[in-house]
Amino acid sequence: VCCYGAVTLPADDPDPSQQLPVALRAASLADARAEMTARGDPQVHAAALLIALRSNGGDARSLADALARQATASQDPVVYAIALEGCRTVGGDAAGACALLNRAQWARLDPDNIVPWLELGADAHAHGDPESEAEAMDHAALARRGDGYEELLPALVERAIGSGAPSLRLALALAASRSAQTIWS
């Protein structure tokens with residue numbers, strides 16, 4: 001449950017995946033994550049880390065740090081956005097490797113996307129910096145698109161695993177990606 005943590009669902013919950021043994025569910029998600037990280041696709045790798053972070057698939061701080069390190073070595077705005085989201089998940093951008101990330105770099109990597117400019121402006125506003133806020137809003141006004149990556153994580157799971165995986169692994173990976181995406185959105 002958002003902002004409250006994991007909740008045990010009642011036995012009569014309508015979600016059939018809740019009826020799966022915990023070990024089987026965890027093993028299937030671990031297999032999906034391993035398959036995604038082995039693909040060599042930086043976006044898919046970042047998505048696997050964020051999904052694991054959101055589904056308690058490991059130490060949250062180490063997963064966020066891995067995301068941040070991947071983003072700092074990348075020029076891909078999607079990887080950077082995923083890393084920023086992962087760092088936000090673990091309680092802030094200023095701890096561990098997450099301190100290396102900033103919204104200004106995301107805006108430089110994706111200058112035609114209004115979303116990083118709006119976030120940069122919101123940060124400037126929160127820090128009482130009206131000049132930086134105005135500059136970010138000027139760039140936002142010139143942006144040609146607004147991509148908040150609303151369907152990104154399930155699409156990356158589908159791209160990485162697709163129809164080649166056992167249906168249980170794919171179904172659980174897609175469900176976990178949709179949950180992670182919902183929290184992001």
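Cut-offs used in this document
Residues numbered from 1 in each chain as written. Predicted model: local features only at pLDDT ≥ 70, side-chain atom pairs only at ≥ 80, totals over all residues. Heavy atoms only, no water. Helix = DSSP H or I, 4+ residues; strand = E, 2+ residues; numbered from the N terminus. Polar contact = N/O pair within 3.5 Å; in protein donor to acceptor, adjacent residues only side chain to side chain. Contact = heavy atoms within 4.5 Å. Axes fitted to C-alpha atoms, helices over the stretch in contact; angles between N-to-C directions. Parallel < 35°, antiparallel > 145°, perpendicular 65-115°, else oblique. Left-handed = near helix turned anticlockwise from the far one by under 90°. Core = buried A, V, L, I, M, F, W, Y, C linked by side-chain atoms within 4.5 Å. Buried < 20%, exposed > 50% of the residue type's maximum accessible area, 1.4 Å probe, protein only.

Comments concerning the side chain of Q105
Next, step 1: With respect to the helices, strands and loops of the structure, Q105 is situated in helix 5 (residues 103–109).
Next, step 2: Among the polar contacts made by the side chain of Q105, one reaches the side chain of R108 at a distance of 3.1 Å.
Next, step 3: With residues up to four places along the chain from it excluded, the contact list for Q105 reads Q75 and Y80.

Remarks on the environment of Q70
Next, step 1: Checked against the element boundaries, Q70 lands in helix 3 (residues 60–72).
Next, step 2: With 24 residues separating them in the primary sequence, Q70 and A46 have C-alpha atoms 7.6 Å apart.
Next, step 3: Of the polar contacts made by the side chain of Q70, one reaches the side chain of H45; its length is 3.0 Å.

Quick notes on the packing of helix 2 (residues 42–54) against helix 8 (residues 152–160)
Next, step 1: Interaxial distance between helix 2 and helix 8 falls to 9 Å at its minimum, and their mutual angle equals 120°. Classified by the angle their axes make, helix 2 and helix 8 are oblique. Every pair of crossing elements has a handedness; the one defined by helix 2 and helix 8 is left-handed. Within the contact between the two elements, helix 2 uses Q43, V44, A47, L50 and I51 and helix 8 uses L153, L156, V157, R159 and A160.

Thoughts on the nonpolar core
Next, step 1: Ranked by internal contacts, the top residues of the largest apolar core, which has 42 residues, are M36, L67, I82, L101, V157, I161 and W184.
Next, step 2: Mapped by element, the contributors of at least two residues to this core are helix 1 (22–37), helix 2, helix 3, helix 4 (77–89), helix 5, helix 8 and helix 9 (167–184).
Next, step 3: Per-element tally for this core: the top contributor is helix 2, with nine residues.
Next, step 4: Not counting chain neighbours up to four residues away, the residues in contact with I82 comprise Q43, A46, A47, L50, L67, L152, L156 and W184.

Quick notes on the side chain of D76
Next, step 1: Residue placement: D76 occurs in the loop between helix 3 and helix 4.
Next, step 2: In this structure the side chain of D76 is engaged in a polar contact, spanning 2.8 Å, whose partner is the backbone nitrogen of V78.
Next, step 3: Look past the residues within four positions of D76 in its chain and what remains in contact with it is Q43 and L109.

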